[in-house]
Amino acid sequence: MSCGILPANNGLGGGRSVAYRGAVSSVWAHWATTASSQADSHMPSILVVDDDPAAIHVFRYCLRDTEIEVLSADSIAAAMKVICARHPDVVALDVMLPDQSGLAGFERIRVLDPKLPVVFVTASGASETAIEAMKLGAVDYLVKPLDEKVVREVASQAVKIRRLMNVPVQLS
């Protein structure tokens, strides 16, 4: 899935012409600039990907007094559609989902948006999947049952990370 903006391989694969790669690069730059300007003008959002409605409810409850909007999806397939349509600032991804594992979903999310902070949600703090996710680049993980203070801290920190990733680096 490519959100209709980029080919699934991000236009970086072999066999593509320089003109094609240049066009894709300019589209990507426009999208990144648009996403960056939107990040400054919209309410930050977190996409909670979990097939348990109670877990989504807990996120909504924990973030009720913040400026973070809670979006939801019950599968990786649904999450990919939400990511393309709403461009969330953070994804909270359950490790066990009905259509794919959280790690497989994490890899698909990375193809769509390599800078999108992903926080894994696991039922066990010693989960090998959570450890593997951290090695692959997840920003953090949460252990169920979710603690309100920890959810707020991790979500706020991940939103800050997202905003910092969209700020151009200036070399002096």
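Parameters and conventions
Residues numbered from 1 in each chain as written. Predicted model: local features only at pLDDT ≥ 70, side-chain atom pairs only at ≥ 80, totals over all residues. Heavy atoms only, no water. Helix = DSSP H or I, 4+ residues; strand = E, 2+ residues; numbered from the N terminus. Contact = heavy atoms within 4.5 Å. Areas by Shrake-Rupley, 256 points an atom, 1.4 Å probe, with all protein chains shown as cover. Axes fitted to C-alpha atoms, helices over the stretch in contact; angles between N-to-C directions. Parallel < 35°, antiparallel > 145°, perpendicular 65-115°, else oblique. Nonpolar A, V, L, I, M, F, W, Y, C, P; charged D, E, K, R; others polar. Buried < 20%, exposed > 50% of the residue type's maximum accessible area, 1.4 Å probe, protein only. Pairing = 2+ DSSP bridges. Right-handed = clockwise from strand over helix to strand, strands pointing away. Phe/Tyr/Trp six-rings, centres within 6.5 Å; stacked < 30°, edge-to-face > 60°. Lys NZ or Arg CZ within 6 Å of the ring centre and 35° of its normal. Salt bridge = Lys/Arg side-chain N within 4 Å of Asp/Glu carboxyl O.

**Q** Quick question: what am I supposed to make of the overall build of the protein here?
**A** Scanning the protein for helices and strands turns up 6 helices and 5 strands. Considering only contacts within the protein whose residues lie at least 6 apart along the sequence, 62% involve residues at least 24 apart. When the accessible surface of the protein is totalled, it reaches about 9200 Å², and 58% of it is carbon and sulfur.

**Q** Please explain the environment of valine 139 as it appears in this structure.
**A** Looking at where valine 139 falls in the secondary structure, it is placed in the loop between α5 (128–136) and β5 (140–143). Distance from valine 139 to valine 90, taken between C-alpha atoms, is 9.7 Å for residues 49 residues apart in sequence.

**Q** Explain the packing of helix α2 (residues 53–62) against helix α6 (residues 148–165) here, please?
**A** Helix packing for two helices is described by the angle between their axes and how far apart those axes are. Viewed as axis vectors pointing N to C, α2 and α6 meet at an angle of 75°, and their least axial separation amounts to 9 Å. One finds that α2 runs roughly perpendicular with respect to α6. Between α2, through Phe59, Tyr61 and Cys62, and α6, the contact on the second element is made entirely by Glu148, Val151 and Arg152. Classifying every residue of the contact of α2 with α6 by side-chain character gives 4 nonpolar, no polar and 2 charged.

**Q** Before we go on, may I ask you to explain the pairing of strand β4 (residues 118–122) in this structure?
**A** Put simply, side chains in a regular strand alternate between the two faces of the sheet. Taken across its 5 residues, β4 has 5 buried, putting it largely inside the fold. When strand β3 (residues 90–94) meets β4, the two strands line up parallel, connected through 4 bridges. Its bridge partner being in β4, valine 91 is matched across the sheet by valine 118. For the handedness criterion, the β-α-β arrangement of β3, helix α4 (residues 102–112) and β4 is classed as right-handed. Bridge count for β4 against β5 is 4 bridges, and the pairing is parallel. Paired with phenylalanine 120 across the two strands is tyrosine 141, which belongs to β5.

**Q** I'm lost on the packing of aromatic side chains in this one. Help?
**A** Two aromatic rings are characterised by how far apart their centres lie and by the angle between their planes. Counting across every chain of the model gives 1 aromatic pair. Here arginine 64 stacks its cationic end above the ring of tyrosine 61, 3.9 Å away from the centre of that ring.

**Q** Looking at this structure, how should I read the environment of aspartate 74?
**A** Among the structural elements, aspartate 74 can be located in the loop between β2 (69–73) and α3 (76–86). Non-local contacts of aspartate 74, meaning those with residues more than four positions away in its chain, are made with Asp50, Asp51, Leu97 and Pro98.

**Q** Help me out: how do you make sense of the pattern of salt bridges in this one?
**A** Here the idea is simple: oppositely charged side chains can pair when their charged atoms come close. Inspection of every chain in the model, using the stated rule, returns 8 salt bridges. Residue aspartate 50 pairs with lysine 144 through a salt bridge whose shortest N-O separation is 2.9 Å. Of the two residues, aspartate 50 is situated in the loop between β1 (45–49) and α2 and lysine 144 in the loop between β5 and α6; the sequence distance between them amounts to 94 residues. By relative accessible area, aspartate 50 is classed as buried at 3%. Of the residues examined, lysine 144 reaches a relative accessible area of 23% and is grouped as partly exposed. When the shortest N-O distance is used, the salt bridge between glutamate 148 and arginine 64 registers 2.9 Å. Placement of the pair is glutamate 148 in helix α6 and arginine 64 in the loop between α2 and β2, with a sequence separation of 84 residues. Through salt bridges with shared partners, one network takes in Arg64, Asp65, Glu148 and Arg152.

**Q** Help me out: how do you make sense of the pairing of β3 in this one?
**A** Among the 5 residues in β3, 5 count as buried, and that is most of the element. Covered by surrounding structure in β3 are Val90, Ala92 and Asp94 together with Val91 and Leu93, the residues of both alternating faces. Across 4 bridges, β1 lies against β3 in parallel orientation. Its bridge partner being in β3, isoleucine 46 is matched across the sheet by valine 90.

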